[in-house]
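Spelled out from the first residue to the last, the chains are:
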Amino acid sequence: MPGTRRAVVLLFLVASLCAITTAAPLATVTHATHSASISGQGILRRAKSYSPTSLATATVAQTVTTTTDAASFILASNASTNATLDLKNMALVVNSGSAYSVLYYGGPVIAKVEVNPIFLGKAVLNQSSITAFYKFLVKSSHMDILTKEYSTNSTKIGYGSVKSTRLETNKTYTNRQQFDDTDVQAYLLSLLKANAIKPNKNSYYPIYFPPGVVLTQKGVQSCVSFCAFHGTMDISVQTKGKVLYLYYAVFPDQTGKCNGGCGNGTPFENLCSVSSHELTEAITDPAVSLASRVEAPLAWYDATSGEIADICNAQQANMTDKNGKKWVVQKIWSNSLKQCIAQYPSV
């Protein structure tokens, strides 16, 4: 059945003024931060306006039933003491030589990602620019990190492509002011049944929403608790076993309430950053939301701190395309260099 629910324990950690609090390991999968954490109950906000003096050391455990790798719940789940807090930017900084080790647990990875952006109405901002960003990113040196370090014995990760874009015009969806993750999955399922989308094992559907639309995921809200998330739907019944999973991601608009909470740049730059975060994790750990323990269908995962972008949450970098245009991406974890990078130093 699509959207099989699994109970997952999420640990919310709030940093002290100098370092990340270390907590005891959990037996179940801890879905770690995606893009920047935003202020909420016991959640650290990454925003210049947030006063460091208001931060306190605390841990709060909450059980959540989820089908998605929920974004930005925590700064770092069970973070290593080899991480410190950048107080200016409220970002996790992983020190060189950290003990993080992203291991392979046997789940699928995406070989040659096919990005299919979906825009929920004409009011979605920067539609052509988002598509251009993906066209750059999937063939950039950022992808070389995935190829070299996160391919598997059975699947080599290579450059991807942008296959299609979809502008949704159905007012049933474009006039809505709130979407829960369950609504997103129902929407994707309706497209699948109508043959409006034809996913294969490489397909990825990032969905972008217009200003003012509130997104929720099991009780938490966009621009309050998360900046984006990626998820998985089991579509094996609908495809008669030809395609097992549909991979998607959800992106609230970065203006308005999200502005300044998900990065240091302009709203569009921050949107590019969270988009790169989710893309790299969707490629290297696409079925994470179907895992209930640290085992397959997890793919590449650090048992204490999550996926390859979680470890480097909110650490942004500029990359330049062949025409000299600069794009903002989020750094990802390099197992070989033991640090967060956007591309290999020699590039």
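Residues numbered from 1 in each chain as written. Predicted model: local features only at pLDDT ≥ 70, side-chain atom pairs only at ≥ 80, totals over all residues. Heavy atoms only, no water.

1. Here we look at helix H4 (residues 181–193)
Relative to the 18 Å expected for 13 residues at 1.5 Å per residue, H4 spans 18 Å between its end C-alpha atoms, a close match to the ideal helical length. Those residues of H4 lying buried are Asp181, Val184, Gln185, Tyr187, Leu188, Leu189, Leu191 and Leu192. Positive phi appears at Asn195, one or two residues downstream of H4, with a value of about 65°. (Helix = DSSP H or I, 4+ residues; strand = E, 2+ residues; numbered from the N terminus. Expected span 1.5 Å × (residues − 1). Buried < 20%, exposed > 50% of the residue type's maximum accessible area, 1.4 Å probe, protein only.)

2. Considerations on the sheet that holds strand E11 (residues 178–180)
Pairing in this open sheet of three strands is mixed, and the strands run E11-E13-E14 from one edge to the other. On the outer flanks of this sheet lie E11 and strand E14 (220–221), each paired with one strand and no other. Two elements, E11 and strand E13 (residues 214–217), share three bridges in a ladder whose sense is parallel. Bridge pairing in E13 places Phe179 opposite Leu215. Sitting on the sheet, H4 touches E11 and E13, and the angle it makes with E11 is about 85°. (Pairing = 2+ DSSP bridges. Contact = heavy atoms within 4.5 Å. Axes fitted to C-alpha atoms, helices over the stretch in contact; angles between N-to-C directions.)

3. Section: the pairing of strand E16 (residues 245–251)
Taking burial as the measure, the seven residues of E16 include seven buried ones, the bulk of the element. Where strand E12 (residues 203–208) meets E16, five bridges bridge the pair, whose relative direction is parallel. When the bridges of E16 are listed, Pro206 appears paired with Ala249.

4. Some words on the state of the cysteines
If you walk through the whole model with that rule in mind, you get three disulfides. Two residues, Cys227 and Cys262, share a disulfide whose sulfurs are 2.0 Å apart. Sign of the S-S torsion, about -90° for the bond between Cys227 and Cys262, identifies this disulfide as left-handed. You can see Cys227 sitting in the loop between E14 and strand E15 (229–234) and its partner Cys262 sitting in the loop between E16 and helix H5 (267–284), a full 35 residues away along the chain. Here Cys227 and Cys262 have matching classes, each one buried. Covalently, Cys312 is tied to Cys340 through a disulfide, its sulfur atoms 2.1 Å apart. Across the S-S bond linking Cys312 and Cys340, the dihedral sits near -90°, which makes this disulfide left-handed. Here Cys340 lies in strand E21 (residues 339–341) and Cys312 lies in the loop between strand E17 (300–301) and strand E18 (316–320), a separation of 28 residues in the sequence. One exposure class covers both Cys312 and Cys340, and it is buried. (Disulfide = S-S within 2.5 Å.)

5. Points about the pairing of E13
Remark: a regular strand shows side chains that alternate across the two faces of the sheet. Where E13 meets E14, two bridges bridge the pair, whose relative direction is antiparallel. Within the sheet, the bridge partner assigned to Gln217 lies in E14 and is Val220. Here E13 folds back onto E14 in antiparallel fashion, the turn holding two residues, of which Lys218 has a positive phi close to 50°.

6. Overview of the packing of aromatic side chains
Applying the stated criterion across every chain yields a total of 14 aromatic pairs. Ring centres 5.2 Å apart and planes at 75° place the aromatic pair Tyr150 and Trp300 in the edge-to-face group. Of this pair, Tyr150 sits in helix H2 (residues 141–150) while Trp300 sits in strand E17, and the two are 150 residues apart along the sequence. Each member of the pair, Tyr150 together with Trp300, is buried. With centroids separated by 6.2 Å and ring planes inclined at 50°, the aromatic side chains of Tyr245 and Tyr247 adopt a geometry described as tilted. Each member of the pair, Tyr245 as well as Tyr247, is classed as buried. Taken together, the ring pairs connect Phe119, Phe133, Tyr134, Phe136, Tyr208, Phe251, Phe268 and Trp327 into an aromatic cluster. The ring of Phe179 has Arg176 sitting right over it, with the charged end atom 4.6 Å from the ring centre. (Phe/Tyr/Trp six-rings, centres within 6.5 Å; stacked < 30°, edge-to-face > 60°. Lys NZ or Arg CZ within 6 Å of the ring centre and 35° of its normal.)

7. Considering the nonpolar core
Here is a general trend for soluble globular proteins: nonpolar side chains tend to be buried in one another's company. Counting 55 residues, the largest nonpolar core has Tyr150, Tyr204, Phe251, Leu279 and Trp333 as its most contacted members. Top contributing element to this core by residue count: H5, with seven residues. Apart from the residues lying within four places of it in its own chain, the contact partners of Tyr204 are Val113, Glu114, Val115, Asn116, Tyr134, Tyr247, Tyr248, Ala249, Phe251, Glu278, Leu279 and Ala282. Ranked by size, the runner-up nonpolar core spans 25 residues in total, among them Leu120, Leu189, Leu191 and Ile207. (Core = buried A, V, L, I, M, F, W, Y, C linked by side-chain atoms within 4.5 Å.)

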